[in-house]
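Understanding the architecture of this molecule
So you can see what is in the structure, the chains are spelled out below.
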Amino acid sequence: MTQLALDLSLSVSSVSAPVWAFGGSRRLPPAGATLAERAALALLRSGAELVTGCCTGADACALSAACSAGLAARVAVLTAFGPLGAGWPAGACPFSAVAAVRRAAGLGASVRPWAGGPGSVPLSARLVARTRAVARACTAGAVVVLAPGSRGALHLARAVARRGLPVCVLPVAGAALPALPGQWVPLAGALEGLGYQVI
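One numbering rule holds for all chains: residues counted from 1, following each sequence as written. Confidence filtering applies because this is a predicted model: local features only for residues at pLDDT of at least 70, side-chain atom pairs given and counted only at 80 or more, and all residues used for totals across whole chains, interfaces and linings. The side-chain values count all of the structure's non-hydrogen atoms but skip hydrogen atoms and water molecules.

Another aspect to go through is the overall build of the chain. Secondary structure follows DSSP: runs of H or I at least 4 residues long count as helices, runs of E at least 2 residues long count as strands, and numbering of each begins at the N terminus. When you go through the chain residue by residue, the secondary structure sums to 5 helices and 8 strands. Of the regular secondary structure in the chain, the N- to C-terminal order runs β-α-β-α-β-α-β-α-β-α-β-β-β. C-alpha atoms define the radius of gyration in this analysis, and the globule rule sets the expected value at 2.2 Å times the number of residues to the power 0.38. By the compact-globule yardstick of 16 Å for 199 residues, the chain fits well, its C-alpha radius of gyration being 15 Å. Projected onto its principal axes, the C-alpha positions of the chain cover 45 × 35 × 30 Å. When a residue's accessible area, from a 1.4 Å probe over protein chains only, is under 20% of the maximum for its type it is buried; when over 50% it is exposed; and in between it is partly exposed. In the chain, which comprises 199 residues, the proportion classed as buried is 52%. Residue pairs at least 24 apart in sequence account for 70% of intrachain contacts in the chain once pairs closer than 6 positions are excluded. Element-wise, carbon and sulfur atoms account for 58% of the exposed surface of the chain, whose accessible area totals about 8,600 Å². For the charge count, each Lys or Arg is scored as positive and each Asp or Glu as negative, with His and the chain ends excluded. For charged residues, the charge sits on one atom: NZ in Lys, CZ in Arg, CG in Asp, CD in Glu. Averaging the locations of the 16 positively and 5 negatively charged side chains of the chain gives two centres separated by 14 Å. Here, two residues are considered to be in contact whenever any of their heavy atoms come within 4.5 Å of each other. Each accessible area is a Shrake-Rupley result for a 1.4 Å probe, and residues are judged covered by the shown protein chains and nothing else.

A few words now on the pairing of strand E1 (residues 19–24). For E1, a buried count of 6 out of 6 residues is recorded, marking the element as mostly surrounded by other parts of the structure. Both faces of E1 are covered, namely the face carrying Val19, Ala21 and Gly23 and the face carrying Trp20, Phe22 and Gly24. Here, a strand pair is defined by DSSP locating no fewer than two bridges between the strands. Here E1 pairs with strand E2 (residues 49–52) via 4 bridges, running parallel. The residue of E2 that forms the bridge with Ala21 is Val51. You can see the chain leave E1, run along helix H1 (residues 30–45) and come back into E2, and the turn it takes is right-handed. The crossover handedness rule: strands pointing away from the viewer, path from first strand over the helix to second strand clockwise, crossover right-handed.

Right, let's talk about the packing of aromatic side chains for a bit. In this description, an aromatic ring pair is defined by two values, namely the gap between the centres and the angle between the planes. Planes of paired rings set the category: under 30 degrees apart is stacked, over 60 is edge-to-face and the rest tilted, where pairs are Phe, Tyr or Trp rings (Trp by its six-membered ring) whose centres lie within 6.5 Å. The tally for this structure, following the rule as stated, stands at 0 aromatic pairs. Whether a charge lies above a ring is judged from NZ of Lys or CZ of Arg, which has to be within 6 Å of the ring centre and within 35 degrees of the ring normal. A cation over an aromatic ring shows up here: Arg26 above the ring of Phe95, its NZ or CZ 3.9 Å from the ring centre.

Before going further, it helps to examine the sheet that holds E1. Reading across the sheet, the 8 strands line up as E4-E3-E2-E1-E5-E6-E8-E7 and stay open at both edges, with mixed pairing between neighbours. This sheet does not close on itself; its edge strands, each paired only once, are strand E4 (110–112) and strand E7 (184–186). The mean inter-strand angle of the sheet, taken between neighbouring strand axes irrespective of direction, is 25°. Of the strand pairs in this sheet, E7 and strand E8 (residues 196–198) are connected by 3 bridges, and their pairing is antiparallel. Residue pairing for E8: Trp184 is matched across the bridge by Val198. Note on geometry: axes are lines fitted to C-alpha atoms, helical ones only across the stretch in contact, with angles between N-to-C directions running from 0 to 180 degrees.

All right, on to helix H2 (residues 58–68) then. In terms of residue burial, H2 counts as a mostly covered element, since 9 of its 11 residues are buried. Along H2, the positions that sit buried rather than exposed are Ala58, Asp59, Ala60, Cys61, Ala62, Leu63, Ala65, Ala66 and Cys67. Positive phi appears at Gly70, one or two residues downstream of H2, with a value of about 75°.

The values reported here are purely geometric and, on their own, carry no functional implication.
Right, dumping it as structure tokens:
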């Protein structure tokens, strides 16, 4: 494949829409946040659905873009914390994007709490397991907004690559493309000019 998987111009008339995993760094510079929102919106407008995590950074940007465009119902959020209620959810941490998840849920996004295991599982293990759950839930590939030093984003890229699905990386703040099997080529289709895909 030399073009972004299925060219992202798929018709929504198919039996089911392609589901892209969307994730990345929890800390993005302003330009990285803008890039993440632009990419998420491009995927959603192409007819795709998104599955994402619950953290600040790339996850929150995807949720913000979906909500602002009225497309939150096309997003599934897998959280590493408990069910949403009136207060702070059990298991949430300082980099949990609780407000973004709550807003998306209110606008139709599906939310799966404890996707990384129950609260008795240590937070770091829950986050890794949640990332693996996001990788398993996608059908089309992954879009990863990558800033330097982002281990969770690399976990997502590697997990999706192991499934043999396309991995698209949007590097920000000087991040290097990760070592994955294949060759990096510029993105085409709905994400043209935003990053690279490994083929």
